[in-house]
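# Examining the three-dimensional arrangement
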Amino acid sequence: MSALKGAAAPIYFGPFLVTPQVFYLTPSTFALVNLKPILPGHVLVSPRRVVPRVSDLTAAETSDLFLTVRRVGRMVERIHGASSLNIAVQDGVNAGQSVPHVHCHIIPRKAADLDHRGGTDAIYDMLDGEEGDVGKVFREAAASSERAPTRTKFPVVDDKDRKPRGPEEMKAEAEVLAKEMENEPLD
């Protein structure tokens, strides 16, 4: 396992090319910065093999995925000065999964960080609602673009609370997080 030094092959999140957003790779898992983070430090961890459901993962993929979640979670909690984490998996479309590729949301949390939204549990509505529907953002961009294929274009949508970030911003964050992962113990 190592921090990202440059992927040998393109990395996809579902059908979407995300290689510049990736900050950590293992043989079967990757971690990437989020297009529309719910809170600062919100990242995703996903298997390299594109499968829609947790039950589609092999035992080795499942183990590596959750060991990576643990390691990345420690890092984002540390660098964001958080005291807790939300770790969420929306396993299937009826559970709110917007991209048909297994992924774990890791969201660093602090005391009173969502009091303005109704309290700690507001995170679940944010994940399940339109705010958490990253797949919709990608699909809308693909439908509105005749020139750029879905796999190479980052979308832009109107959302007063959460704006999608540009590729440069996400790449810069991925570079910072890749360096931070070098400081994270492998245990």
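Residues numbered from 1 in each chain as written. Predicted model: local features only at pLDDT ≥ 70, side-chain atom pairs only at ≥ 80, totals over all residues. Heavy atoms only, no water.

## Examining the nonpolar core
Within the largest apolar cluster, 22 residues are counted, with the highest numbers of intra-cluster contacts made by F23, V43, V45, V72 and I106. Going through the elements one at a time, β4 (22-25), β5 (29-33), β6 (43-47), α1 (59-79), β8 (104-109) and α4 (167-181) are the ones with two or more residues in this core. Apart from the residues lying within four places of it in its own chain, the contact partners of V43 are F23, L32, V33, V72, V76, C104, H105, I106 and L177. By size, the runner-up hydrophobic cluster in this structure holds ten residues, among which are V22, L25, F30 and L44. (Core = buried A, V, L, I, M, F, W, Y, C linked by side-chain atoms within 4.5 Å. Buried < 20%, exposed > 50% of the residue type's maximum accessible area, 1.4 Å probe, protein only. Helix = DSSP H or I, 4+ residues; strand = E, 2+ residues; numbered from the N terminus. Contact = heavy atoms within 4.5 Å.)

## What about α1?
Across its 21 residues, α1 extends 30 Å between first and last C-alpha, which sits within 8% of the 30 Å expected from 1.5 Å per residue. Turning to α1, its buried residues are E61, D64, L65, T68, V69, R71, V72, G73, M75 and V76. Where the residues of α1 are buried, they touch β4, β5, β6, β7 (84-89), β8 and α4. A positive backbone phi angle near 60 degrees is found at G81, which sits one or two residues after α1. (Expected span 1.5 Å × (residues − 1).)

## Regarding the packing of α1 against α4
At a minimum axis distance of 10 Å, the contact between α1 and α4 shows a crossing angle of 110 degrees. Taken together, the axis directions place α1 and α4 in an arrangement best described as roughly perpendicular. Only L177, E180 and M181 of α4 make contact with α1, whose side of the interface consists of R71, V72, M75, R78 and I79. The residue makeup of the contact of α1 with α4, split by class, is five nonpolar, no polar and three charged. (Axes fitted to C-alpha atoms, helices over the stretch in contact; angles between N-to-C directions. Parallel < 35°, antiparallel > 145°, perpendicular 65-115°, else oblique. Nonpolar A, V, L, I, M, F, W, Y, C, P; charged D, E, K, R; others polar.)

## A word on the pairing of β8
With six of six residues buried, β8 lies mostly within the body of the structure. The two faces of β8 match: C104, I106 and P108 on one face and H105, I107 and R109 on the other face are all buried. The sheet contact formed by β6 and β8 spans three bridges and is antiparallel. In the sheet register, V43 faces β8, and the bridge partner there is I106. Sheet topology note: the β7/β8 ladder contains six bridges and is antiparallel. Paired with L85 across the strands is P108, a residue of β8. (Pairing = 2+ DSSP bridges.)

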